[in-house]
Amino acid sequence: DAKTTQPNSMESNEEEPVHLPCNHSTISGTDYIHWYRQLPSQGPEYVIHGLTSNVNNRMASLAIAEDRKSSTLILHRATLRDAAVYYCILRALGETSGSRLTFGEGTQLTVNP
Amino acid sequence: ETGVTQTPRHLVMGMTNKKSLKCEQHLGHNAMYWYKQSAKKPLELMFVYSLEERVENNSVPSRFSPECPNSSHLFLHLHTLQPEDSALYLCASSQGLYYEQYFGPGTRLTVT
């Protein structure tokens, strides 16, 4: 499975934008970039995913580099509720391995009031 | 509320006990999953079911036995566990194998 690299931790202030980076230099052409997050004492929660183009939804935006070797999850206005561990995951959809989510260590986001 | 419920939320069991974890999804999904999350380790996929058939078993010890009687329910039967099996056990479901997964809140298991 292609590997992702994320910073262990990041800090942000409430109501400011947050940019969470993810490096995936060995990404293959069939890998989709997925983001999940895990709030304290809860199961993981799907955030967003994309292949090549930037994506937006009600929770966040995903900016994908032109060479697809990195991506950035953008929270436009962080709230205290956004404090969580954020996971960047590659999934080769359409291949057997794509049926699984392979979680790494993720980035622990702290949001300061 | 994700539409995936797990019971019990907390379980303490001895090494000789037999217990079962239950997961139920109210989303009409066709795939269900068991994950294990140990302290300071990433989530590990244990089992995958699609249309009630097991499609993946990630080298999980036989003391963990999954059961999927229908597309809405998933069980994890536990017997003769070890203290190192203490962890958060998470259930998830998805519309199909390649769709986003919805997780339950987990069962916190302690083996004494």
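Residues numbered from 1 in each chain as written. Chains lettered and ligands numbered in written order. Predicted model: local features only at pLDDT ≥ 70, side-chain atom pairs only at ≥ 80, totals over all residues. Heavy atoms only, no water.

S.K.: Which residues make up the sheet that holds strand β6 (residues 61–64) of chain A, and what are the values?
M.R.: Residue and element names in this part refer to chain A. With respect to topology, four strands assemble into an open sheet ordered β2-β7-β6-β5, the strand pairing being antiparallel. With one partner strand each, in any of the chains shown, β2 (18–23) and β5 (55–56) form the two edges of the open sheet. Note: β2 against strand β7 (residues 70–75), six bridges, orientation antiparallel. Bridge pairing links asparagine 23 to serine 70 in β7. (Pairing = 2+ DSSP bridges. Helix = DSSP H or I, 4+ residues; strand = E, 2+ residues; numbered from the N terminus.)

S.K.: Talk me through the layout of surface pockets; I want residue IDs and the actual numbers.
M.R.: In this structure, the largest pocket occupies an estimated 520 Å³ of space. What lines the largest pocket is a set of 23 residues, and nearest its centre among them are A:Gln38, A:Ser41, B:Gln37, B:Leu88 and B:Arg108. Sort the elements by how many residues they give to the lining of the largest pocket and strand β8 (residues 84–92) of chain A lands first, with three residues. Of the residues that constitute the lining of the largest pocket, the class distribution is nine nonpolar, nine polar and five charged. Put simply, the second largest pocket is a space of about 400 Å³. Considering the residues around the second largest pocket, the lining is formed by 20 residues, among which A:Pro44, A:Glu45, B:Glu1, B:Thr2 and B:Phe103 are closest to the centre. Of all the secondary-structure elements, those providing two or more residues to the lining of the second largest pocket are β4 (44–50) of chain A together with β10 (102–103) of chain B. Take the lining of the second largest pocket: its biggest share by element is four residues, from β4(A). Split into classes, the residues belonging to the lining of the second largest pocket amount to eight nonpolar, seven polar and five charged. (1 Å grid on protein atoms, 1.4 Å probe; cavity = no way out; pocket = protein on both sides within 12 Å on 5 of 7 lines; lining within 4 Å. Points joined across faces, edges and corners; volume = space filled by probe spheres on them. Nonpolar A, V, L, I, M, F, W, Y, C, P; charged D, E, K, R; others polar.)

S.K.: Tell me about the pattern of salt bridges, and name the residues and values.
M.R.: Taken as a whole and judged by the stated rule, the model has five salt bridges over all chains. Note that B:Glu44 and B:Lys41 form a salt bridge whose closest N and O atoms lie 3.8 Å from each other. Here B:Glu44 falls in the partly exposed class, since its relative accessible area comes to 32%. When salt bridges that share partners are traced, they join A:Arg37, A:Glu45 and A:Asp82 into one network. (Salt bridge = Lys/Arg side-chain N within 4 Å of Asp/Glu carboxyl O. Buried < 20%, exposed > 50% of the residue type's maximum accessible area, 1.4 Å probe, protein only.)

S.K.: Give a description of the state of the cysteines that names residues and reports values.
M.R.: Residues and elements named next belong to chain B. One pass over the full model with this rule turns up two disulfides over all chains. Note that cysteine 23 is cross-linked by a disulfide to cysteine 91, the S-S spacing being 1.9 Å. On the S-S bond that ties cysteine 23 to cysteine 91, the torsion sits near -70°, and the link is left-handed. Here cysteine 23, found in strand β3 (residues 18–25), pairs with cysteine 91, found in strand β9 (residues 87–94); they are 68 residues apart in sequence, far enough to count as distant. Accessibility expressed as a relative area gives 0% for cysteine 91, which makes it buried. (Disulfide = S-S within 2.5 Å.)

S.K.: Residues and numbers for the nonpolar core, please.
M.R.: In terms of nonpolar packing, the biggest core is built from 22 residues, with B:Trp34, B:Phe64, B:Leu76 and B:Leu78 touching the most fellow members. Of all elements in the fold, only β2 (10–13), β3, β4 (31–37), β5 (44–50), β7 (64–70), β8 (73–79), β9 and β11 (107–111) of chain B reach the threshold of two or more residues within this core. Discounting residues that sit within four places of it in the chain, B:Phe64 has contacts with B:Met46, B:Phe47, B:Leu76, B:His77, B:Leu78, B:Leu81, B:Asp85 and B:Tyr89. Counting residues in hydrophobic clusters, the runner-up holds 21 residues, among them A:Val18, A:Ile48, A:Leu73 and A:Ala84. (Core = buried A, V, L, I, M, F, W, Y, C linked by side-chain atoms within 4.5 Å. Contact = heavy atoms within 4.5 Å.)

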